Amino acid sequence: MTKKIEINIDKCPVETAIDALAGKWKILILWYLKDEKKRFNELQKLLPRTTQKMLIQKLRELEADGLVLREVYPVVPPKVEYSLTEYGMSLKPILKQLYKWGDIHKEKKKINL
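Caption draft 1: Region of the structure containing the overall build of the protein chain. When its secondary structure is counted, the protein chain shows six helices and three strands. When the helices and strands of the protein chain are read in sequence order from the N terminus, they spell out α-α-β-α-α-β-β-α-α. Expressed along its principal axes, the backbone C-alpha trace of the protein chain runs to roughly 55 × 35 × 25 Å. A buried classification covers 26% of the 113 residues belonging to the protein chain. Across the protein chain, every contact between residues at least 6 apart in sequence was considered, and the portion connecting residues at least 24 apart equals 51%. With 23 positive and 15 negative side-chain charges, the protein chain shows a separation of 6 Å between the mean positions of the two kinds.

Caption draft 2: Main features of the packing of aromatic side chains. As enumerated under the stated definition, the model contains one aromatic pair in all. A centroid spacing of 5.1 Å and a plane angle of 5° characterise the contact between Trp31 and Tyr99, whose relative ring orientation is stacked. Residue Trp31 is found in helix H2 (residues 24-33), and its partner Tyr99 is found in helix H6 (residues 92-112); the two are separated by 68 residues along the sequence. In this structure, Lys79 packs its charged tip against the face of Tyr73, placed 5.0 Å from the ring centre.

Caption draft 3: Here's a closer look at the pattern of salt bridges. Under the counting rule described, the total for this entry stands at ten salt bridges. Of the charged contacts, one joins Lys11 and Asp19 as a salt bridge, the two residues approaching to 2.2 Å between their closest N and O atoms. You can call Asp19 partly exposed: its relative accessible area is 34%. Where salt bridges share partners, they join Lys37, Glu71, Lys79 and Glu81 into one cluster.

Caption draft 4: Spatial organisation of the side chain of Lys38. Note that Lys38 resides in strand S1 (residues 38-39). Polar side-chain contacts of Lys38 include one of 2.6 Å to the side chain of Glu36. Once you skip the residues sitting within four places of it in the chain, Lys38 turns out to touch Tyr32, Leu33, Leu43, Leu46, Val80, Glu81 and Tyr82.

Caption draft 5: A look at H2. Taken residue by residue, H2 has Trp25, Lys26, Ile29, Leu30 and Leu33 as its buried positions. The buried residues of H2 occupy one face: seen down the axis, they fall within an arc of 135°.

Caption draft 6: Focus on the sheet that holds S1. Taking strand neighbours across the sheet as the criterion, the three strands line up as S1-S3-S2 in an open arrangement whose pairing is antiparallel. The strands lining the two open edges of the sheet, one partner per strand, are S1 and strand S2 (68-73). Sheet topology places S1 next to strand S3 (residues 79-84); two bridges connect them, and they run antiparallel. Residue Arg39 lies in a different strand from S3, and its bridge partner there is Glu81. Sitting on the sheet, H2 is in contact with S1, S2 and S3, with an inclination near 95° to S3.

Caption draft 7: The packing of H2 against H6, seen in detail. It is the contact of H2 with H6, at a shortest axis distance of 10 Å, that shows an interaxial angle of 110°. The angle between H2 and H6 places the two elements in the roughly perpendicular class. Within the contact between the two elements, H2 uses Ile27, Leu30 and Trp31 and H6 uses Leu95, Lys96, Leu98 and Tyr99. Within the contact of H2 with H6, the residues separate by chemical class into six nonpolar, no polar and one charged.

Conventions adopted
- Residues numbered from 1 in each chain as written.
- Predicted model: local features only at pLDDT ≥ 70, side-chain atom pairs only at ≥ 80, totals over all residues.
- Heavy atoms only, no water.
- Helix = DSSP H or I, 4+ residues; strand = E, 2+ residues; numbered from the N terminus.
- Buried < 20%, exposed > 50% of the residue type's maximum accessible area, 1.4 Å probe, protein only.
- Contact = heavy atoms within 4.5 Å.
- Lys, Arg positive; Asp, Glu negative; His and termini not counted.
- Charge placed at Lys NZ, Arg CZ, Asp CG, Glu CD.
- Phe/Tyr/Trp six-rings, centres within 6.5 Å; stacked < 30°, edge-to-face > 60°.
- Lys NZ or Arg CZ within 6 Å of the ring centre and 35° of its normal.
- Salt bridge = Lys/Arg side-chain N within 4 Å of Asp/Glu carboxyl O.
- Polar contact = N/O pair within 3.5 Å; in protein donor to acceptor, adjacent residues only side chain to side chain.
- Arc of directions from axis to C-beta.
- Pairing = 2+ DSSP bridges.
- Axes fitted to C-alpha atoms, helices over the stretch in contact; angles between N-to-C directions.
- Parallel < 35°, antiparallel > 145°, perpendicular 65-115°, else oblique.
- Nonpolar A, V, L, I, M, F, W, Y, C, P; charged D, E, K, R; others polar.

Keep in mind these numbers describe shape, not what the thing actually does.
What follows is the structure in structure tokens.
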């Protein structure tokens, strides 16, 4: 079951964005989907510290928010691919900036050690 999406129009837009992207797994999933489709097992290998249950939950939440598309192909064994929706693609520049900032921050922390 996916979570019910509640939008509070009185919330600050930053709070709304944080609610949609909360937790490290969602942002990392979006990062790995930014350039190409991935199958569930590929995502699981890219995110070895998450559990299968957590990955499924976060993918469902991203799908419910309209950021990720889940495509099921009618083949045996079943083939499922995940990709960013057009709306999810609007996050690409933000994800790239977050990557750049993280890289700078990582270097800054090394210098301060």
